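# Understanding the architecture of this molecule
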Amino acid sequence: MEKFEPEKNARKVVDECADCDICRFLMDADCLFFPELYRLYDKEVETGEEITSTELRKLVDLCNFCALCPCPPVRANIIEAKTRFIDRDGLKFGVRTLEDVERVVKLFGAFPQLTNMLLRGKATGDLIKKAAGIHPARQIPTFPGESFPQWAKKKGQHTRPKKNPNHKIAYFAGCTANYLFPEVPRAVVDVFQHNGIEVFYPEQKCCGMPALLKGDRQLTLEFVGCNMDRLAEAVQNGYDIVCSCPTCGFMLKNVLKEGAYYSRQYQASVGADDTYLKMPGTRVSDHPGGKKFELLKKIMFQSILKDDGYFSAIDPMKRILVAENTYDLGEYLIALHQSGELNTEFGEVSGRMVYYPPATSESRISADRMRSC
């Protein structure tokens, strides 16, 4: 690896985005990365002072892979640059400690009363936050007496239901719900059971997003590899995967499958010939399963459309299988409701509620329409 390779990766992003310039205003309101990119680039043009290695490192750290930017290769290049910085320079102790969310919360959650007492204490709480690199004003949730995995095992949710219901759910809860807010996944199970849907809670690791965002490739691939094996097996046994955590859902549904459709395995499975790549689409329906495809000429696209990204070492067919069978909780419940299968005989919930819409263009449009009504 070249000594300055991380800087070259980061610099490539700067040059390509500055040359395009579309995101200069498109991303101004919702993104930390692009306003800073253009600020650094404009300063360089005006003063002639080249963007430094430190500035490039801080720049890539601003990206949280939210996918609001319109170019997937740009996101991939940012994460690659961030990862190469970590490969060369390593991670700080606090980051290394907190990136494995499951390990941290399981450790503290093993002795919840002691942990809560230490965190509530002014001196001990400040000391723990300082050691872990947590902002002193940050409020840390109270650790529950019983985690969701403990509850699920006690209730038998960790074993596959013996019945064969119409709907079978493999539930991916996520680290914070598992160990900090177990009332959320318990409520999810209650709602499904209220609808006669059996819930299976397979063994699972962190989705990998925290480690991915910190540039820790080894830990990310370790988590993702374990989850892909278990979740793909669940789908093969007739289960739909449901996530109540938006980040976990985004990881499983979107991030992991990027590039997988370009793989040799997928192209062979859909009968692609020597002339065209077949991509899921709406135009051509010549597959035995009735699937429709967009046809891309290999002579034009094969050299650039490859499964050679961050997760290419993981079976592309498993990544696709999991992605195509993963649903956000609300998405799944709406589908049940639209098909007339959702039992809406719930009790009343009193109190003031706050709704936080996802930061997508569609949700912003919907929110604007709601405000205008």
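What you are looking at is a predicted structure, and each value in this text was computed from that prediction instead of being measured.

We now examine helix H18 (residues 316-324). Buried within H18 are the following residues: Pro-316, Arg-319, Ile-320, Val-322 and Ala-323. Here the buried residues of H18 occupy an arc of 165° about the axis, which is enough to place them on one side. The inward-facing, buried residues of H18 contact helix H14 (217-236), strand S3 (240-243), helix H15 (246-255), helix H16 (264-269) and strand S6 (326-328). For H18, the N-terminal capping position is held by Asp-315, with its side-chain oxygen 2.9 Å away from the main-chain nitrogen of Met-317.

With that settled, consider the environment of Leu-295. With respect to the secondary-structure elements, Leu-295 resides in strand S5 (residues 293-297). Sequence-wise, Leu-295 and Tyr-266 are 29 residues apart; in three dimensions their C-alpha atoms are separated by 14 Å.

For the structure shown, the criterion picks out 10 aromatic pairs. Between the aromatic rings of Phe-148 and Tyr-201, the centroid separation amounts to 5.1 Å while the plane-to-plane angle is 90°, which identifies the pairing as edge-to-face. With Phe-148 in helix H10 (residues 148-154) and Tyr-201 in the loop between strand S2 (198-200) and helix H13 (209-214), this pair connects stretches of sequence that are 53 residues apart. With a centroid separation of 5.1 Å and an interplanar angle of 55°, the aromatic rings of Tyr-310 and Phe-311 are classed as tilted. Overall, Phe-311 belongs to the buried group, its relative accessible area being 5%. Put simply, the rings of Phe-148, Trp-151, Tyr-171 and Tyr-201 touch in pairs and so form one group of aromatic residues.

Under the defined criterion, the tally for this structure stands at one cavity of 30 Å³ or more. Taken as a whole, the largest cavity encloses approximately 40 Å³ of empty space. Contributing to the lining of the largest cavity are Glu-102, Phe-172, Gly-174, Cys-175, Asn-178, Tyr-179, Gln-204, Lys-205, Cys-206 and Cys-207. By residue number, the principal contributor to the lining of the largest cavity is helix H11 (residues 175-179), which donates three residues. Grouping the amino acids of the lining of the largest cavity by side-chain chemistry returns five nonpolar, three polar and two charged.

Moving on: the nonpolar core. Membership of the largest hydrophobic core comes to 23 residues, with the highest contact counts inside it found for Phe-172, Leu-212, Met-251, Leu-252 and Phe-311. Those elements giving two or more residues to this core turn out to be H13, H14, S3 and H15. With five residues, the top contributor of residues to this core is H14. Among all residues touching Leu-252, those that are not within four sequence positions of it are Phe-172, Met-228, Leu-231, Cys-243, Val-322, Ala-323 and Thr-326. Counting 22 residues, the second-largest nonpolar core is a separate cluster that includes Cys-31, Phe-34, Leu-56 and Ile-78.

With that settled, the discussion passes to the confidence of the model for the protein chain. When pLDDT is averaged across the protein chain, the result is 86; 91% of the residues are at 70 or more. In the model of the protein chain, helix H20 (residues 361-372) stands out as the element of lowest mean pLDDT, 38, in contrast to H18, which has the highest, 97. Within the model, pLDDT remains below 50 along residues 360-373, and this stretch shows five contacts once partners closer than five positions in the same chain are excluded.

Now for the environment of Gly-90. By secondary structure assignment, the location of Gly-90 is in the loop between helix H5 (72-89) and helix H6 (93-99). Look at Gly-90 and you get partly exposed, because its relative accessible area is 29%. It is 24 Å that separates the C-alpha atoms of Gly-90 and Leu-127, two residues lying 37 residues apart in sequence.

Before going further, it helps to spend a moment on the packing of helix H4 (residues 53-61) against H5. In the contact formed by H4 and H5, the axes pass within 9 Å of each other and the chain directions differ by 120°. As far as their axial angle goes, H5 and H4 are oblique. Here the hand of the crossing between H4 and H5 comes out left-handed. Judged by residue contacts, Ser-53, Leu-56, Arg-57, Val-60 and Asp-61 of H4 engage Ile-78, Ala-81, Lys-82, Phe-85, Ile-86, Arg-88 and Asp-89 from H5.

With that settled, consider the pattern of salt bridges. For the structure on display, the rule yields 24 salt bridges. Taking the shortest distance from any N to any O, the salt bridge between Glu-80 and Arg-217 comes out at 3.1 Å. Taken as a pair, Glu-80 in helix H5 and Arg-217 in helix H14 lie far apart in primary sequence, 137 residues in all. For Glu-80, a relative accessible area of 17% puts it in the buried group.

Okay, helix H12 (residues 183-194) next. In an α-helix, one turn spans 3.6 residues, which is why side chains three or four residues apart end up on the same side. For H12, with 12 residues, the first-to-last C-alpha span of 16 Å sits near the 16 Å given by 1.5 Å per residue. Along H12, the residues that are buried comprise Pro-185, Val-188, Val-189 and Phe-192. Looking down the long axis of H12, one finds its buried residues gathered within 95° of arc, a one-sided arrangement. Close packing links the buried residues of H12 with H10, strand S1 (168-172), H11, S2, S3 and helix H19 (329-338). Of the residues one or two after H12, Gly-196 is the one with positive phi, at around 70°.

Below, the discussion takes up the layout of surface pockets. Estimated volume of the second largest pocket: approximately 920 Å³. Lining the second largest pocket are 32 residues, and of these Pro-72, Pro-73, Ala-76, Glu-258 and Gly-309 lie nearest its centre. Of the residues forming the lining of the second largest pocket, the biggest block, seven residues, is contributed by H5. Per-class residue counts for the lining of the second largest pocket are 18 nonpolar, five polar and nine charged.

Next up on the list: unusual backbone geometry. Although it is not a glycine, Asp-21 adopts a positive phi angle of roughly 75°. As for its position among the elements, Asp-21 is in the loop between helix H1 (5-20) and helix H2 (23-26). Notably, Phe-65 is not glycine yet its phi reads approximately 55°, a positive angle. For Phe-65, the location among the structural elements is in the loop between H4 and H5.

Calculation notes
Residues numbered from 1 in each chain as written. Predicted model: local features only at pLDDT ≥ 70, side-chain atom pairs only at ≥ 80, totals over all residues. Heavy atoms only, no water. Buried < 20%, exposed > 50% of the residue type's maximum accessible area, 1.4 Å probe, protein only. Helix = DSSP H or I, 4+ residues; strand = E, 2+ residues; numbered from the N terminus. Arc of directions from axis to C-beta. Contact = heavy atoms within 4.5 Å. Polar contact = N/O pair within 3.5 Å; in protein donor to acceptor, adjacent residues only side chain to side chain. Phe/Tyr/Trp six-rings, centres within 6.5 Å; stacked < 30°, edge-to-face > 60°. 1 Å grid on protein atoms, 1.4 Å probe; cavity = no way out; pocket = protein on both sides within 12 Å on 5 of 7 lines; lining within 4 Å. Points joined across faces, edges and corners; volume = space filled by probe spheres on them. Nonpolar A, V, L, I, M, F, W, Y, C, P; charged D, E, K, R; others polar. Core = buried A, V, L, I, M, F, W, Y, C linked by side-chain atoms within 4.5 Å. pLDDT = per-residue confidence, 0-100. Axes fitted to C-alpha atoms, helices over the stretch in contact; angles between N-to-C directions. Parallel < 35°, antiparallel > 145°, perpendicular 65-115°, else oblique. Left-handed = near helix turned anticlockwise from the far one by under 90°. Salt bridge = Lys/Arg side-chain N within 4 Å of Asp/Glu carboxyl O. Expected span 1.5 Å × (residues − 1).

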